Amino acid sequence: MKIARFSHDDAILFGIVDEKDLVVLSGDPLFAGYEPTGDRVPIADAVILAPVIPRSKIVCVGKNYHDHAAEMGGEAPEEPLLFLKPNTAVIGPGDTIVRPAISEQTEYEGELAVVIGKVAKNVSAPDALDYVLGYTIGNDVTARDLQRKDGQWARAKGFDTFCPLGPTINTDFDPSEATIETRVNGEVRQKAPLTDMIHSVEEIIAYASAVFTLLPGDVILTGTPAGVGTFAAGDTVEVEITGLGILRSAVRDAVPAA
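Every value quoted in this text rests on a predicted model; they were computed, and no experiment measured them. (Residues numbered from 1 in each chain as written. Predicted model: local features only at pLDDT ≥ 70, side-chain atom pairs only at ≥ 80, totals over all residues. Heavy atoms only, no water.)

Draft legend 1. Representation of the overall build of the protein in the model. Looking only at helices and strands, the protein has five helices and 20 strands in total. Taken along the three principal axes of its C-alpha coordinates, the protein extends 55 × 50 × 35 Å. A fraction of 71% describes how many contacts in the protein between residues 6 or more apart in sequence connect residues 24 or more apart. As displayed, the protein offers around 11,200 Å² of accessible surface, 50% of which is attributable to carbon and sulfur atoms. (Helix = DSSP H or I, 4+ residues; strand = E, 2+ residues; numbered from the N terminus. Contact = heavy atoms within 4.5 Å. Areas by Shrake-Rupley, 256 points an atom, 1.4 Å probe, with all protein chains shown as cover.)

Draft legend 2. A look at the sheet that holds strand S15 (residues 179–184). Here five strands make up an open sheet; going across it, the order is S9-S20-S19-S15-S16 and the pairing mixed. Only two strands of the sheet have a single neighbouring strand rather than two, namely strand S9 (96–99) and strand S16 (187–193). The sheet shows a mean angle of 20° between the axes of neighbouring strands, direction not considered. Summarising the sheet, S15 and strand S19 (residues 236–241) pair through five bridges and their orientation is antiparallel. Directly across from Arg 183, in S19, lies its bridge partner Glu 238. (Pairing = 2+ DSSP bridges. Axes fitted to C-alpha atoms, helices over the stretch in contact; angles between N-to-C directions.)

Draft legend 3. Broad picture of the packing of aromatic side chains. Scanning the entire structure with this criterion turns up three aromatic pairs. Taking 4.9 Å as the distance between ring centres and 70° as the angle between the ring planes, the aromatic pair formed by Phe 83 and Trp 153 counts as edge-to-face. A residue pair is termed long-range when its members are at least 10 positions apart, and Phe 83 in strand S7 (residues 81–85) and Trp 153 in the loop between helix H3 (144–150) and helix H4 (154–158) qualify at 70 residues. Both rings, one in Phe 159 and one in Phe 162, keep their centres 5.2 Å apart while their planes meet at 55°; by these two values the pair is tilted. Judged by relative accessible area, which is 0%, Phe 162 ranks as buried. (Phe/Tyr/Trp six-rings, centres within 6.5 Å; stacked < 30°, edge-to-face > 60°. Buried < 20%, exposed > 50% of the residue type's maximum accessible area, 1.4 Å probe, protein only.)

Draft legend 4. Layout of the nonpolar core. Val 52, Ile 58, Cys 163, Leu 165, Val 219, Leu 221 and Phe 231 are the most contacted members of the largest nonpolar core, which has 29 residues in total. For this core, the secondary structure elements donating two or more residues are strand S6 (58–62), strand S8 (90–91), strand S11 (110–116), strand S14 (163–170) and strand S17 (219–221). The element that contributes the greatest number of residues to this core is S14, accounting for three residues. Excluding anything up to four places from it in sequence, Leu 221 contacts Ile 58, Val 59, Cys 60, Val 61, Lys 85, Glu 111, Leu 112, Ala 113, Gly 138, Asp 140, Cys 163 and Leu 165. Counting 28 residues, the second largest nonpolar core, distinct from the first, contains Ile 116, Ala 128, Ile 204 and Ile 241. (Core = buried A, V, L, I, M, F, W, Y, C linked by side-chain atoms within 4.5 Å.)

Draft legend 5. Local environment of the environment of Pro 216. Relative to the elements of secondary structure, Pro 216 occurs in the loop between helix H5 (201–209) and S17. Pro 216 sits in the buried class, given a relative accessible area of 14%. Put simply, Pro 216 and Phe 31 are 185 residues apart on the chain and 8.5 Å apart in space, counted from C-alpha to C-alpha. Not counting residues within four places of it along the chain, the set of residues in contact with Pro 216 comprises Leu 30, Phe 31, Arg 55, Ile 116, Gly 117, Lys 118 and Val 119.

Draft legend 6. Geometry of the side chain of Thr 182. Considering the arrangement of structural elements, one finds Thr 182 in strand S15. Among the polar contacts made by the side chain of Thr 182, one reaches the side chain of Gln 190 at a distance of 2.8 Å. Every residue in contact with Thr 182, bar those within four places of it in the chain, is listed here: Tyr 108, Gly 110, Glu 187, Val 188, Arg 189, Gln 190, Val 237, Glu 238 and Val 239. (Polar contact = N/O pair within 3.5 Å; in protein donor to acceptor, adjacent residues only side chain to side chain.)

Draft legend 7. Here's a closer look at the side chain of Asn 64. Positionally, Asn 64 belongs in the loop between S6 and helix H2 (66–71). Asn 64 sits in the buried class, given a relative accessible area of 0%. When sequence neighbours within four positions are dropped, the list of residues in contact with Asn 64 reads Asp 196, Met 197, Ile 198, His 199, Ile 204, Thr 222 and Gly 223.

Draft legend 8. Seen up close, unusual backbone geometry. Across the junction of Gly 166 and Pro 167, the peptide omega takes the value 5°, indicating a cis bond. Within the secondary structure, Pro 167 is located in strand S14. Of note, the phi angle at Asp 9 is positive, near 55°, even though the residue is not glycine. Inspection of the secondary structure puts Asp 9 in the loop between strand S1 (2–8) and strand S2 (11–18). The backbone of Thr 161 shows a phi angle near 80°, a positive value even though the residue is not glycine. Look at Thr 161 and you get buried, because its relative accessible area is 11%.

Next comes the structure, spelled out in structure tokens:
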């Protein structure tokens, strides 16, 4: 099942994708379940939004592919390397990434995103998937020059628009059978099977939930493969994962302050 969050007739709604239509739900499935209203909206008449706005946090995992750790100049961590992005960084499919004026090296990082479905604390790896609502696509946009300058990652990862998510949440997705690919203006920059991840989804959830409580709607970005690089104003960045669709973002530069 694929769940969409969308805008139609000045209302923000949730629906289940049914071929060319959205079966409208009575509310956010995280809290209201999957009760249909009886209404249907053609996808062509809807504006697809970010499938979830985390109420609490976006948990990210750094250097979770060996090749990416190597291109960043180091060994892969023995344990998941966690950092956070604010929920104000989230934008939806088709929205625009805004490059901040203070960064000259803004980069894409295509990633599998996990949406938490219920409260999780001190979860074991074998039980971890019981706490997952589903999966979507993320782009952990990074101001790489600021990351190096600061020595920590909050500012470099946290700008508004630096976390595109979408297009939908797939509740039946199997990461073991999927490939991730990132393209800039149609040119392939990243490509890897999700099985190349060092720490699995289950391991990441268990590790993160031992640190802080994961709440419904929290998103986990699971790391990016090798091939990260820059993009510029006017570019189009696409992240595609088999079975999850394509997350497409335009890019522009921030308007200079007056």
